[in-house]
Amino acid sequence: MNAPANLADSVRASVVRIGAPPEGYDGSSGTSGDSRRSDRSRRAFWGSGFFVAPGWVLTCAHVLAKGAAPVWRGERAIGITIGDAAGSAGGPGTADGAGEGGTVLLGELAFGLPRPEDPQAPPSPWPFPDLALVRVPGAEDADCLWLSDRSVLTPADIGLYGWAPGEVRGEQMFFTGLGKATGVVGRPLMLSGDQLTEGCSGGPVLDQRRGTVLGVSKGAGRRPGTGLATPVTALRRLCDAGPRGARVLHEVLSAHDRHHLSRYTGFGHSWHRQHARLGPTGGEPAYGFTVDRRAELYALFAEVEPPTGAGQVLQLANEARNMVLRRPYTLRDHDPRSWREGAGLLYDPRDHSTAEEEPSPDLALEAVVLYAAKVTAALHRSGPGRTPRAVRALAELREWVERTARTLLNDVIRAQVPGVLDGHRAASAARADVLVEIEPDIYGSGRHAWRVALVRPADKDDIPGEAAAFGYLPDADQAAGEDGEREEITVEQSREDAPRSGLEEAVRAALSQALDQCDVDDHLAAVEFMLPRPLFDEPVDGWRARPYDPDDPFNPHTMPLGQRRLVVVRDRTRKDQGFTPECRTRAAAVLGGPLEAVPLRREVPGAGHDAPGPESGQATYGRLRAAAPGAVPVYCARVGSGPGARAMAAALGAGHAMALWRHGCGDGQDHDDCAEFHRRAAELLAEAHSARQVPLHIRTLRNRNAEPADDPEESTGVNSTPIDPSSAWARHIVLLYDPPHRTSGDGPLREPPLMPRPPTALRSTP
């Protein structure tokens, strides 16, 4: 397909100049007058940006760096210049048209990624993804570009657009260029072709074939004709940045799709209509998921509730692909965060260079209709609490499905649509949980490599509900025989090792992404931390997958993991040593029950930590090896170092697959409830009866023991009441559950640690 005709002229109307606010800006969140100005003064020029929705400009975060602290405080301190008095753009690789005129509006930063630690000393180069969304009041009638709905963006022939400094000081020229974009999912796009000039950072990178925005120009390369861009898929990082970021992204995408339907059904310029004019000769099918259907469906998606996470979108898309006999996508390769991206996976998943692998127009339409039907059914399942507007939107979405289904050429698929709409059943694919694996510090650097992966049964059989604790647990009569086999799919792994104090921050984005992919329908993913033994006391149950928001303390996505999810620790050493026959026997026993407590250190429950004549390591091993098959070692203090570590090593060597301890208590005088802990732990294990129920009991205890310190800002008063005395014994409790398993999927993780990286060869342009 060729690029839409007059592409550069159409783009120019949407690309803006970003700079200092007009004269008269008083430095406050307001302005000295009307926010709409016509200002021809020589204001500072920072870079480019473009409208993606009415009142919303997308640019690079580093473009706004010159605005310093007022910009990052959210003040209306950004000058947005729309239009100019010049003519049309020049040819490829040229800058044309003086840009001294135009309408100037004041904008405010809604969200920037990543946020600089010190806005007065911004980083250079700006870290990935280097994106910013600017809210521009008064720009409700702006022309907006069309954001790609695809997850695989490259390779692609591209157009580069932006504003560059003109020959006359204070004026700008509109730049257009051509090139190619390459890259991999989740990484910056590499550009080659016409050289980006100063000022083009923040401008759009367009797919010349489809007329859609693939990315945002970030900077020029060291070599002529090279550059770097942030893919538009990186906007998904807003969801990982917390609930406010997710709300901003949903608001922008919804406004974007409503805008394009309004333009398509109205008069004047429309990206969808311009694309449709190409017809079959230009690559736009006469039948299939055509631009009019895309415009209408995406606008309907904009009115309904957003998906719960990437896992829900990909689950429904894969079910639709399966119904039209297409291979499923993997969670590893795609991370869709909106309903529109799910449809993008079905009708146009690959570039024209692999056209033979793309679905035919009729097959693509069948898959999209089935997917939309499944989305409708899924939203019906979450029906209670919807607003009247959402109810109407869902009815309109159903009507679109029914109307479009009548045009399908395949009678078999057409006959299935009513059943999909009315089934209202939960998704049936295998449920996945999350593994966070921390590598030992084998080089003595004080730093650790890490990996975040999805784990699920290799046979993909579901175990409904949380009563199973973890979806891959085998039945009790199977555990004594063959190990349970599970599949591991790596989501992300470290490129540079992280210090122990920085591990939570290092894994946060990957952990958030993995949880979004696994939380599907009624399945809430569990998290297992595979830790080296010196890190057994790391408080991983208190880690958060997204930054804490004091204004929304009970947001499920930002709560400590252990208060919402089932969280256990696994032993990283066993991955290297293998599982012994003793471990297999004990794992089967604790899974079937009953359970009974055995002290990890024999003398502590009665005489305390300072008891004379403590038990030797060999005696501890012999005692724990002789304990009943369903015995669970318990200890009232830390096990990552000191006497507790020696005793824990003996317990693991004796084959124990489950243990309880407290990471917040030492082996000294910081607690005096040793006997109570051991007694209450024994009662808990007896009540739980089997390994399947213990994680549920532990989660309940963690919630009853939430402390004021669990509120990082200590500003909400959420946990200001005293801890329940009846459960205080379990404060900082840790559960190790490490049954044998065989792993299919990913290979070895460990590589020597990387040295600190030198500055990148790519530099950002202003």
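Residues numbered from 1 in each chain as written. Predicted model: local features only at pLDDT ≥ 70, side-chain atom pairs only at ≥ 80, totals over all residues. Heavy atoms only, no water.

A. Layout of the overall build of the protein chain. In terms of regular secondary structure, the protein chain is built from 21 helices and 27 strands. Taken across its 766 residues, the protein chain has 56% of its residues classed as buried. Across the protein chain, contacts joining residues at least 24 apart in sequence account for 78% of those joining residues at least 6 apart. As displayed, the protein chain has an accessible area near 30300 Å², and 52% of this comes from carbon and sulfur atoms. (Helix = DSSP H or I, 4+ residues; strand = E, 2+ residues; numbered from the N terminus. Buried < 20%, exposed > 50% of the residue type's maximum accessible area, 1.4 Å probe, protein only. Contact = heavy atoms within 4.5 Å. Areas by Shrake-Rupley, 256 points an atom, 1.4 Å probe, with all protein chains shown as cover.)

B. Quick look at the packing of helix H9 (residues 361–381) against helix H11 (residues 411–423). Between H9 and H11, the least distance of the axes is 8 Å, while the angle of their chain directions is 15°. Viewed along their axes, H9 and H11 adopt a mutual orientation that is roughly parallel. The element H9 and its partner H11 pack so that their crossing is right-handed. Between H9, through Glu366, Val369, Leu370, Ala373, Lys374, Thr376 and Ala377, and H11, the contact on the second element is made entirely by Ile413, Val417, Val420 and Leu421. For the contact of H9 with H11, the class distribution of residues is 8 nonpolar, 1 polar and 2 charged. (Axes fitted to C-alpha atoms, helices over the stretch in contact; angles between N-to-C directions. Parallel < 35°, antiparallel > 145°, perpendicular 65-115°, else oblique. Left-handed = near helix turned anticlockwise from the far one by under 90°. Nonpolar A, V, L, I, M, F, W, Y, C, P; charged D, E, K, R; others polar.)

C. Molecular detail of helix H7 (residues 310–323). Helix length check: H7 (14 residues) gives 20 Å between terminal C-alpha atoms against 20 Å at 1.5 Å per residue, within 8%. The buried count for H7 comes to 12 of 14 residues, which makes it a mostly enclosed element. Among all positions of H7, only Ala310, Gly311, Gln312, Val313, Leu314, Gln315, Leu316, Ala317, Asn318, Glu319, Ala320 and Arg321 are buried. Check the buried side of H7 and you find it contacts helix H8 (339–347), H9 and helix H13 (503–518). (Expected span 1.5 Å × (residues − 1).)

D. Structural view of the nonpolar core. Counting residues in hydrophobic clusters, the biggest one holds 75 residues, and the most contacted among them are Ile18, Leu64, Ile78, Leu133 and Leu191. Ranked by residues supplied to this core, first place goes to strand S3 (residues 45–53) with 6 residues. Every residue in contact with isoleucine 78, bar those within four places of it in the chain, is listed here: Ile18, Gly19, Trp46, Leu64, Val71, Leu105, Leu106, Gly107, Glu108, Leu109 and Val134. Within the second largest apolar cluster, 72 residues are counted, among which are Val491, Cys636, Val639 and Met658. (Core = buried A, V, L, I, M, F, W, Y, C linked by side-chain atoms within 4.5 Å.)

E. Looking closely at the pattern of salt bridges. Tallied over the entire structure, the rule returns 42 salt bridges. Across the salt bridge formed by aspartate 130 and lysine 218, the nearest N and O atoms sit 2.7 Å from each other. Here aspartate 130, found in the loop between strand S7 (103–113) and strand S8 (131–135), pairs with lysine 218, found in strand S13 (residues 212–220); they are 88 residues apart in sequence, far enough to count as distant. In terms of burial, aspartate 130 and lysine 218 fall into one category: buried. (Salt bridge = Lys/Arg side-chain N within 4 Å of Asp/Glu carboxyl O.)

F. Layout of the side chain of aspartate 207. Within the secondary structure layout, aspartate 207 lies in strand S12 (residues 204–207). Not counting residues within four places of it along the chain, the set of residues in contact with aspartate 207 comprises Arg150, Ala156, Asp157, Thr212 and Leu214.

G. Here's a closer look at the packing of H9 against helix H10 (residues 388–405). Running from N to C, H9 and H10 cross one another at 150°; their axes reach a closest spacing of 10 Å. Overall, the two elements H9 and H10 adopt an arrangement that is roughly antiparallel. As H9 runs across H10, the sense of the crossing is left-handed. Where H9 approaches H10, its residues Leu365, Val368, Val369, Ala372, Ala373, Val375, Thr376, Leu379 and His380 are matched on the opposing element by Leu394, Leu397, Arg398, Trp400, Val401, Thr404 and Ala405. Its residues placed into classes, the contact of H9 with H10 shows 12 nonpolar, 3 polar and 1 charged.

H. Region of interest: the confidence of the model for the protein chain. Put simply, the protein chain has an average pLDDT of 80, and 79% of its residues get 70 or more. When the criterion is pLDDT under 50, residues 26–41 qualifies, and its contacts beyond four places in sequence or with other chains add up to 34 contacts. Low pLDDT, under 50, characterises residues 350–356; the stretch is placed with 15 contacts to residues that sit more than four places away or in other chains. (pLDDT = per-residue confidence, 0-100.)

I. Representation of the packing of aromatic side chains within the structure. For the structure shown, the criterion picks out 10 aromatic pairs. On the numbers, 5.7 Å between centres and 15° between planes, the contact of tryptophan 72 with tryptophan 126 is stacked. Placement of the pair is tryptophan 72 in helix H2 (residues 68–72) and tryptophan 126 in the loop between S7 and S8, with a sequence separation of 54 residues. Just as tryptophan 72 is buried, tryptophan 126 falls in that class too. Between the NZ or CZ atom of arginine 17 and the centre of the ring of tryptophan 163, over which it lies, the distance is 4.5 Å. (Phe/Tyr/Trp six-rings, centres within 6.5 Å; stacked < 30°, edge-to-face > 60°. Lys NZ or Arg CZ within 6 Å of the ring centre and 35° of its normal.)

J. Up close: H9. The terminal C-alpha atoms of H9, which comprises 21 residues, lie 30 Å apart, in line with the 30 Å expected from a rise of 1.5 Å per residue. Within H9, 16 of the 21 residues are buried, leaving the element largely enclosed by the surrounding structure.

K. Representation of unusual backbone geometry within the structure. Between leucine 113 and proline 114 the backbone carries a cis peptide bond, its omega angle lying at -15°. Along the chain, proline 114 falls in the loop between S7 and S8. Between phenylalanine 128 and the following residue, proline 129, the backbone shows a cis peptide bond with an omega angle of 10°. Considering the arrangement of structural elements, one finds proline 129 in the loop between S7 and S8. The phi dihedral of aspartate 130 is positive, around 55°, even though this residue is not glycine. In this structure, histidine 689 takes a positive phi of about 75° despite not being glycine. By the secondary structure assignment, histidine 689 is in the loop between helix H20 (674–688) and helix H21 (694–704).

L. Broad picture of the pairing of S7. The element S7 is largely enclosed, with a buried count of 10 among its 11 residues. Strand direction decides the pairing type here: S7 and S8, joined by 5 bridges, are antiparallel. Bridging across to S8, phenylalanine 111 finds its partner in leucine 133. (Pairing = 2+ DSSP bridges.)

M. View of the state of the cysteines. Taken as a whole, this structure holds 0 disulfides when the rule is applied. Cysteine 665 carries a free sulfur, and the closest cysteine sulfur to it, the one in cysteine 636, is 7.2 Å from it. Relative accessible area serves as the criterion here: at 11%, cysteine 665 is assigned to the buried category. (Disulfide = S-S within 2.5 Å.)

N. Fine view of the environment of glycine 67. Following the sequence through the fold, glycine 67 ends up in the loop between strand S4 (56–59) and H2. Through-space distance from the C-alpha of glycine 67 to that of glutamine 120 is 8.9 Å; in sequence the pair is 53 residues apart.

O. Structural view of the environment of histidine 663. Structurally, the position occupied by histidine 663 is in the loop between strand S24 (658–662) and H20. Among residues more than four places away in sequence, those in contact with histidine 663 are Asp537, Pro539, Asp541, Arg638, His732 and Val734. Polar side-chain contacts of histidine 663 include one of 3.5 Å to the side chain of aspartate 541. (Polar contact = N/O pair within 3.5 Å; in protein donor to acceptor, adjacent residues only side chain to side chain.)

P. Local environment of the pairing of strand S15 (residues 433–438). Of all 6 residues in S15, 6 are buried, a share of seventy percent or more. The side-chain alternation of S15 yields two buried faces, one formed by Asp433, Leu435 and Glu437 and the other by Val434, Val436 and Ile438. Inspection of the sheet shows S15 paired to strand S17 (residues 450–457) by 6 bridges, in the antiparallel sense. Each bridged residue has a counterpart across the sheet, and for isoleucine 438 the counterpart in S17 is tryptophan 450.

Q. Focus on the environment of arginine 237. Note on placement: arginine 237 falls in helix H3 (residues 237–240). The sequence separation of arginine 237 and leucine 249 amounts to 12 residues, and the corresponding C-alpha distance is 9.4 Å.

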